[in-house]
Amino acid sequence: MNFKLKDDQEYIQLNNLLQVMQIAQTGGHSKILIKNEEVKVNGVIELQIRKKIKKGDRVEIDNTSISIE
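Since the structure is predicted, the reported quantities are computational estimates derived from the model, not experimental observations. (Residues numbered from 1 in each chain as written. Predicted model: local features only at pLDDT ≥ 70, side-chain atom pairs only at ≥ 80, totals over all residues. Heavy atoms only, no water.)

Peer 1: Which residues make up the overall build of the protein, and what values go with them?
Peer 2: Each helix and strand in the protein was counted, giving 2 helices and 7 strands. Against the 2.2 N^0.38 benchmark of 11 Å for 69 residues, the protein shows a C-alpha radius of gyration of 11 Å, consistent with a compact globule. Taking the principal axes of its C-alpha atoms as reference, the protein extends roughly 30 × 25 × 20 Å. Taking all 69 residues of the protein together, the buried fraction comes to 33%. Within the protein, contacts between residues separated by at least 24 positions form 41% of all contacts whose residues are at least 6 apart in sequence. Looking at the protein as shown, the accessible area adds up to about 4500 Å², and 41% of this sits on carbon and sulfur atoms. Side-chain charges of the protein comprise 11 positive and 10 negative groups, with the mean position of each set lying 4 Å from the other. (Helix = DSSP H or I, 4+ residues; strand = E, 2+ residues; numbered from the N terminus. Rg over C-alpha atoms; globule rule 2.2 N^0.38 Å. Buried < 20%, exposed > 50% of the residue type's maximum accessible area, 1.4 Å probe, protein only. Contact = heavy atoms within 4.5 Å. Areas by Shrake-Rupley, 256 points an atom, 1.4 Å probe, with all protein chains shown as cover. Lys, Arg positive; Asp, Glu negative; His and termini not counted. Charge placed at Lys NZ, Arg CZ, Asp CG, Glu CD.)

Peer 1: Would you mind going over the side chain of N15 in detail, with residue names and values included?
Peer 2: Along the chain, N15 turns up in helix α1 (residues 14–20). Look past the residues within four positions of N15 in its chain and what remains in contact with it is S30, I34, I49 and R50.

Peer 1: Please provide a residue-by-residue account of the sheet that holds strand β6 (residues 58–61), values included.
Peer 2: The strand order across the open sheet built from 5 strands is β1-β7-β6-β3-β4, with neighbouring strands paired in mixed fashion. Among the strands making up the open sheet, the edge pair consists of β1 (2–3) and β4 (44–45). Of the strand pairs in this sheet, β1 and strand β7 (residues 64–68) are connected by 2 bridges, and their pairing is parallel. In the strand pairing of β7, N2 is matched with S67. (Pairing = 2+ DSSP bridges.)

Shown next, in the form of structure tokens:
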């Protein structure tokens, strides 16, 4: 999967990305996924709920991989 940042957008918060990509149904659900160590950013388990995800980053959860453009 790919997520394209808008031209005026420097980053998207990890919890928001999970919602926009419909991996998490709510903000609370995205927090649970992150706190349960189910989300990796660039191959490393990420625990920061509002981690700034920037162009070139890769987010992984289960068998889903999201590339940020």
